Amino acid sequence: MKKIRMNLLFLMLCILLLPFASSARDVAPIVDTAWVEKNLNNPKVVVVDIRKVEDYKAGHIPNAVNALYGSWAIMKGGMRNELPAADDLFDVIGSAGIGSDSIVVVVGKTDAVPDRTDITRVAWTLKYAGIQNVALLDGGYNKWVTDKKAVSTDAVRPKGKSYEAKVNEGLFAKKDHVMKSIGNAVIVDVREPDFYKGVKKLDFVAKAGHIAKAVNLPTSQMYKQDGTYKDKAELMNIAAAAVGNDPAKEIITYCDTGKVCTAWSFMMTELGGYKDVKVYDGSTEEWTKDPQAPFEQ
Amino acid sequence: MYKGLLVDKSIIGKDVHLEENCTTCHKGDAKGPTRDVAHKGLVARPSKNIEVCEKCHEDISKSFKNSLHFTSEGQRHGVTGRFSKDELKVFNEKVFEKSCRSCHSSCGDCHVKAPVIGGVSTGLLKGHRFVKKDEGKTCALCHGGRVYPEFTGDYGGAADIHYQKGMICVDCHKKEELHGISAASYVSRKEVKERPRCTNCHKPGEEKTESARSAHTSHNGKVSCYACHSGGAYRNCYDCHLGKGSTAKPGFILGLNPRDKKTVTTLRVIPTVRNTFKPAGIEMEHFDKLPNYWDTAPHNIRKRTERTRSCELCHNAKKNFLTKDMLLKDGSKANEGLIYTPKPIKK
């Protein structure tokens, strides 16, 4: 009963905060295929298809531009899913025809969780690069196809723009910052429970387990079976159960490479109104190589 | 049943090739009452015999017969210089025909069904439609060891800037290059005058910034484009032994181009070692005539790299330049001729 009351209270808080959370936005954080279809010729809307070039050429949303995932996240210094240099990133944004006032809808495939989180990693990177209006297409390109929407095979050559902005460093946390934040911030491990508990680990991660005092909020809990997102209230209930209801509390999410954790980061920030959510980009790939970094099972 | 091998019935009669009966190309007996009878004399890859395609595509078929894709001559050319006359004979009989030539491509490997790699095929490209191109299912498979994954970024690092901008193989490698250059046979892709060159699109003098123009002018004729614009590590293959294959690891090596000995370029370790062909009884009498490092065009081009960002990296730190200490153990004596030490910048 107490839990239900807490959740209701949190929901009311979310509703009260909604105008503030969405005030900087001209588009909802998650849009459906009908919205995209209606806005295909809206000059402010840039639909960015992040699938591989071959997949894009085989069929894509009409007018969507292709900027594959590897343009937004690269391997750097032996680490996966790292940010490109700012000038390279600005080139990607500009050459996709995106300007600071664009409404960007990120589209990718949604076959599995890693594909789905490609989409949120790109959205998070766009926010980092200074784009305010970033939205996700619910269910991705898969949903577009199952909804039997029009598909084009004409590759779009966008009119490039010069893009430059001040990057938002506050969206990412470095290892030192995470280290200092243990016990102060809410550190969120978004991997599946077996990885959090140390039963399983990926080959490139040195140790099994989780960052000391981290809570677990598995990413798979976010989706319905068809790859679309659960509704907002349900998502925020799940998140609140792990991270609490304080929108001002610092939250640091991590996974194994800094990609998957962008999903909950995006939802908490854009749907839930949490004000200080950071992604630990190095994640366990970096953390577990440091013998001084507290890690537990 | 694996659907990749199923013919899409809806296309029969719609594609000009499928106006013919299956048996026109695949032989067998269409009226055979049992599978065994119907498949008697079946030809699985009809275009292995180019004459099947030549009936209609006369010009392309004629030049394709001499293309490196069909002849695999490039593979022979790469090692011929290491052999004596007698060894070459043995190589041709025991190695080239049985090993190298087994992976030559036919028309159908690019236009109908994905090529067989390591005994595995992903099946028909599009339900047996005859397609003009589908690089991700054709080029990507045969050239999937190094070129393609470097190009798409799947080998690590970032994707090639051309791929990032939506270009795929045939956007640079035109059909003239892929189908063979003429009725004359040739042995190396370097002989193909239609092969892509960076300067075909990126004209010297048309750079957008003064710093780029100045860097290009001062390095012109001394350094290849790849040396500065290759984005990072590419695949190098080591220690190939006939029948056992080689081992691969990423690396980035700069040195003199073995073809001219004066241009600094990216070098790739090739897997031929002193005893590669020993199982075939070939000692390679002239092994030391050719180096173990060859100039390469890594398909991981970036506008900006650590070398375009800092002159010091080459001119001071000499990062990634081949040195005597780095040379392969028991490698060719020709390797030493590729070492180049960059000079500090005059201030």
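Residues numbered from 1 in each chain as written. Chains lettered and ligands numbered in written order. Predicted model: local features only at pLDDT ≥ 70, side-chain atom pairs only at ≥ 80, totals over all residues.

**Describing the nonpolar core**
Counting residues in each nonpolar core, the largest one holds 96 residues, and the members touching the most others are A:Val48, A:Val104, A:Val105, A:Val106, A:Val107, A:Val188 and A:Trp264. Counting the residues that make up this core, at least three belong to each of domain 1 (32-146) and domain 2 (169-296) of chain A. If sequence neighbours within four positions are ignored, A:Val48 has contacts with A:Val65, A:Ala67, A:Ala96, A:Val104, A:Val105, A:Val106 and A:Val107. Listed in part, the 13 residues of the second largest apolar core include B:Tyr226, B:Leu254, B:Val264 and B:Val269. (Core = buried A, V, L, I, M, F, W, Y, C linked by C-beta atoms within 7 Å. Buried ≥ 20, exposed ≤ 12 C-beta atoms within 10 Å, placed from the backbone. Domains from an automatic or database assignment. Contact = placed C-beta atoms within 7 Å.)

**Description of the sheet that holds strand β3 (residues 65-66) of chain A**
Residues and elements named next belong to chain A. Read across the open sheet, the 5 strands follow the order β1-β7-β6-β2-β3; overall the sheet is parallel. The open sheet terminates on both sides in strands that have one partner only, identified here as β1 (30-31) and β3. As defined by bridge partners, strand β2 (residues 45-49) adjoins strand β6 (residues 103-107) across 5 bridges and the pair is classed as parallel. Bridge pairing links Val45 to Ile103 in β6. Sheet strands touched by helix α5 (residues 113-128): β6 and β7 (133-137). Its angle to β7, the strand with the most contacts, is close to 175 degrees. (Pairing = 2+ DSSP bridges. Helix = DSSP H or I, 4+ residues; strand = E, 2+ residues; numbered from the N terminus. Axes fitted to C-alpha atoms, helices over the stretch in contact; angles between N-to-C directions.)

**Some thoughts on the interface of chain A and chain B**
Facing the 14 residues of chain A at the interface are 13 residues of chain B. Its residues assigned to classes, the side of chain A that touches chain B shows 7 nonpolar, 3 polar and 4 charged. (Nonpolar A, V, L, I, M, F, W, Y, C, P; charged D, E, K, R; others polar.)

**Some details on the domain arrangement of chain A**
Frequently, the measure chosen for interface size is the accessible area removed from exposure when the parts meet. All names here are of chain A. You can read the domains of chain A as domain 1 (32-146) and domain 2 (169-296). Here the C-alpha centroids of domain 1 and domain 2 sit 22 Å apart. Across the boundary between the two partners, domain 1 contributes 21 residues, which contact 22 residues of domain 2. When residues of the side of domain 1 that touches domain 2 are traced back to their parent elements, those giving at least two are β5 (79-82), α5 and α6 (140-146). With 10 residues, α5 is the largest single contributor of residues to the side of domain 1 that touches domain 2. Grouping the constituent residues of the side of domain 1 that touches domain 2 by class yields 7 nonpolar, 7 polar and 7 charged.

**Overview of unusual backbone geometry**
All names here are of chain B. Backbone geometry places Lys27, a non-glycine residue, at a positive phi of 60 degrees. Mapped onto the elements, Lys27 comes out in the loop between α1 (22-26) and α2 (35-38). Classification of Lys27 as partly exposed rests on a count of 15 C-beta atoms within 10 Å. One non-glycine residue, His128, adopts positive backbone phi at about 80 degrees. Within the secondary structure, His128 sits in the loop between α8 (107-111) and α9 (139-142).

**Remarks on the sheet that holds strand β4 (residues 264-269) of chain B**
Residue and element names in this part refer to chain B. If you trace the 3 strands from one edge of the open sheet to the other, you get β3-β4-β5, paired in antiparallel fashion. With one partner strand each, in any of the chains shown, β3 (253-256) and β5 (293-295) form the two edges of the open sheet. Within the sheet, the average angular offset between the axes of one strand and its neighbour, ignoring direction, is 55 degrees. Summarising the sheet, β3 and β4 pair through 4 bridges and their orientation is antiparallel. Directly across from Ile253, in β4, lies its bridge partner Leu267.

**Observations concerning the confidence of the model for chain B**
Atom-level detail of predicted coordinates should not be read off regions where pLDDT is low. For chain B, per-residue confidence averages 92 on the pLDDT scale, and residues scoring 70 or more make up 99% of the total. Quick note on the complex model: pTM equals 0.91, ipTM equals 0.88. (pLDDT = per-residue confidence, 0-100.)

**Digging into the pairing of strand β9 (residues 186-189) of chain A**
Successive residues of a regular strand alternate their side chains across the two faces of the sheet. Residues and elements named next belong to chain A. Of the two faces of β9, the one holding Val186 and Val188 and the one holding Ile187 and Asp189 are both buried throughout. Two strands pair when backbone bridges link them, and β9 and strand β12 (residues 251-254) are joined in this way by 4 bridges, in the parallel orientation. Its bridge partner lying in β12, Asp189 is registered against Tyr254. The pairing of β9 with strand β11 (residues 215-216) spans 2 bridges and is classified as parallel. Within β11, the residue paired with Asp189 across the bridge is Asn216.

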